[in-house]
Amino acid sequence: MTRSSNLARLLLVLLLASVMEVAVIETSSGGVVDHSTSVRATAKTPPSRASEEWKQIELSERGVVGFRWCESARTMLVTGGNTSGIRLLDVATGATQVLTTRGGQYSLGCSRDGRYVFITEEDAYGAEKLSAYDLVTREQAKLYSFTFEFFRGGAGLHNGPLSPTNAYLVAPFGVENELRLPGGHTVRRLAVGSGVNFPPELQSRFSDFVWSADGRTIVLLEEDSRSALIYEVLSQTARTVKLIDGYVAIKLRLAPDLKQLYFLATDDEQTMLYVKDLTRPETPSQIVVSGADDFELFPSGELLYSKPQYATRVKGTLQLRIRRLTGKDELIWSVPFQISKKSSFGPLSPDIASDGNAITFSYQDPEGSILHIVLVRTQHAPTSLPANKN
């Protein structure tokens, strides 16, 4: 089985994970993680190491599906775990605020202003429904239902369906032109998917999308996974940009200056990180990192990416790196791995807090356990972190 096939399998496992092996522990900056001190011991897990710039916290518990930052490096959304539903976790204190208690829900993250939490779950008819939870009024309201085919399973909704300005909400055709969020705020529908309604440029399916920071532009990865559609919301104009041939693009991120589009692509043998120069769309996309497993962009435009570094054909280190705007690469986290029947993979699914001061990601250790790790910039890290309060 190829490495990319294993990565695809791990991505599915991360979505459905229910075998967390450790609880909340804290580790010192630049030091070696002692997993034997966790509540649920994992003595065979190899030690990981964070750079001096970052303080590492392990935030894992049995049944957790995932973590998402909400607004800043202090607050995280936790899906699943010791309690069903979704809750807010204060990283500094370990305290939690329960938002929902129903099982089968998954958080897609917060709105850019940190007020609304978006939640998906299966409705009574077997379709997925999207709801919003207002952290101010503590109200929850259903927005719409969508089929599995919408965004090919809703993958793009992970980026947040609400525009950064809270003006537009991505929705399928057939949904009302205006939608009311809990608390009374009204937003306009930006319709995408299969249908015959306005705008015609968006009448196909997409597997990922990303908003610009000002909410005026949305970039959608088209169904063929080899081209992107750039849609200007105010002028209602669209243009298609070819990304790649031979490979399949699986993730998009737009640079803050809107001049570059980063994307991860695979050919089932390896994954590559590319960048497309949107100021010269006729030029081919360029390889940024060969063999990258995943990536994310900081608000500053700096690049966070993961890839394995092999010492021999069967062992090495899984690494998380930052590429500075100067082009310099810096290693910020690593863990040893050795290829075996239960190989390690990751880091995957990185998420960066909106202030750029914290990162969360997942990786699979040699024992097959999926661990969620948090890195907080040392100057912003809590001095101590108590056990998780439920």
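Sequence positions are assigned chain by chain, starting from 1 and proceeding in written order. Whole-chain, interface and lining totals are the exception, using all residues; otherwise, since this is a predicted model, local features are given only for residues with pLDDT of at least 70 and side-chain atom pairs are given and counted only at 80 or more. As a rule here, side-chain values come from all non-hydrogen atoms in the structure, and water together with hydrogens is ignored.

Draft legend 1. Structural context of the overall build of the chain. In DSSP terms, a helix is any run of H or I states spanning at least four residues, a strand is any run of E spanning at least two, and both are numbered starting from the N terminus. Scanning the chain from terminus to terminus reveals two helices and 29 strands. Here, two residues are considered to be in contact whenever any of their heavy atoms come within 4.5 Å of each other. For the chain, contacts bridging at least 24 residues in sequence account for 44% of all contacts bridging at least 6.

Draft legend 2. Structural context of the confidence of the model for the chain. Overall, the predicted model of the chain reaches an average pLDDT of 75, with 73% of residues at or above 70. What pLDDT reports is the predictor's confidence in each residue, on a scale of 0 through 100. This stretch, residues 1-46, has a pLDDT under 50; its non-local contacts, to residues over four places away or in other chains, come to 120 contacts. Considering only residues more than four positions removed or in separate chains, one finds that residues 194-198, a stretch of pLDDT under 50, has 15 contacts.

Draft legend 3. Geometry of the sheet that holds strand β19 (residues 248-254). When DSSP finds two or more bridges between two strands, those strands count as paired. Read across the open sheet, the four strands follow the order β19-β20-β21-β22; overall the sheet is antiparallel. Looking at the sheet topology across the chains shown, the edges are occupied by β19 and β22 (286-290). In this sheet, neighbouring strand axes are inclined to one another by 30 degrees on average, regardless of whether the strands run parallel or antiparallel. Across four bridges, strand β21 (residues 271-277) lies against β22 in antiparallel orientation. Bridging across to β22, Y274 finds its partner in I287. Only the stretch in contact is used when fitting a helix axis, every axis being a line fitted to C-alpha atoms; angles between N-to-C directions are given from 0 to 180 degrees.

Draft legend 4. A look at the side chain of D294. Along the chain, D294 falls in strand β23 (residues 294-297). For D294, a relative accessible area of 6% gives the class buried. Of the polar contacts made by the side chain of D294, one reaches the side chain of K251; its length is 2.8 Å. If near-sequence neighbours (up to four positions away) are discounted, D294 is found in contact with K251, L264, L304, Y305, S306, P347, L348, S349 and P350. Think of it in three bands: with a 1.4 Å probe and only protein chains considered, a residue is buried below 20% of the maximum accessible area for its type, exposed above 50%, and partly exposed in between. Polar contact is defined as a pair of N or O atoms within 3.5 Å, subject to the rule that within protein one atom must be able to donate a hydrogen and the other to accept it, and that residues adjacent in sequence are counted only when both atoms are side-chain atoms.

Draft legend 5. Spotlight on the environment of A141. Among the structural elements, A141 can be located in strand β11 (residues 139-146). The class of A141 is partly exposed, set by a relative accessible area of 22%. Along the primary structure A141 and L181 are separated by 40 residues, whereas in three dimensions their C-alpha atoms are 6.8 Å apart. The residues touching A141, leaving out its near neighbours within four places in the chain, are S131, A132 and P182.

Draft legend 6. Up close: the pairing of β11. Strand direction decides the pairing type here: strand β10 (residues 128-134) and β11, joined by seven bridges, are antiparallel. Looking at β11, one finds that S131 is bridged to K142. The hairpin formed by β10 and β11 contains four residues between the paired strands, and R138 there has a positive phi angle of roughly 60 degrees.

Draft legend 7. Structural view of the side chain of R253. Its location among the elements puts R253 in strand β19. For R253, a relative accessible area of 9% puts it in the buried group. There is a polar contact of 2.7 Å between the side chain of R253 and the side chain of E296.

Draft legend 8. Unusual backbone geometry, seen in detail. Although it is not a glycine, N166 adopts a positive phi angle of roughly 60 degrees. One can find N166 in the loop between α2 (151-154) and β12 (168-171). Positive phi values are uncommon outside glycine, yet L258 reaches one of about 65 degrees. Residue position: L258 is located in the loop between β19 and β20 (260-266).

Draft legend 9. Up close: the pattern of salt bridges. A pairing counts as a salt bridge when a side-chain nitrogen of Lys or Arg comes within 4 Å of a carboxyl oxygen of Asp or Glu. Per the counting criterion, the structure on display carries 12 salt bridges. Ionic pairing is found between E121 and K129, a salt bridge with its closest N-O pair at 4.0 Å. As far as the burial class goes, E121 and K129 line up, both buried. In this structure, the salt-bridge partner of D245 is K242, at a minimum N-O distance of 2.6 Å. Residue D245 is classed as exposed on the basis of its relative accessible area, which comes to 53%. The exposure class of K242 is partly exposed, given its relative accessible area of 49%. When salt bridges with common partners are traced through the structure, they connect E53, E302, R324, E330 and R377 into a single cluster.

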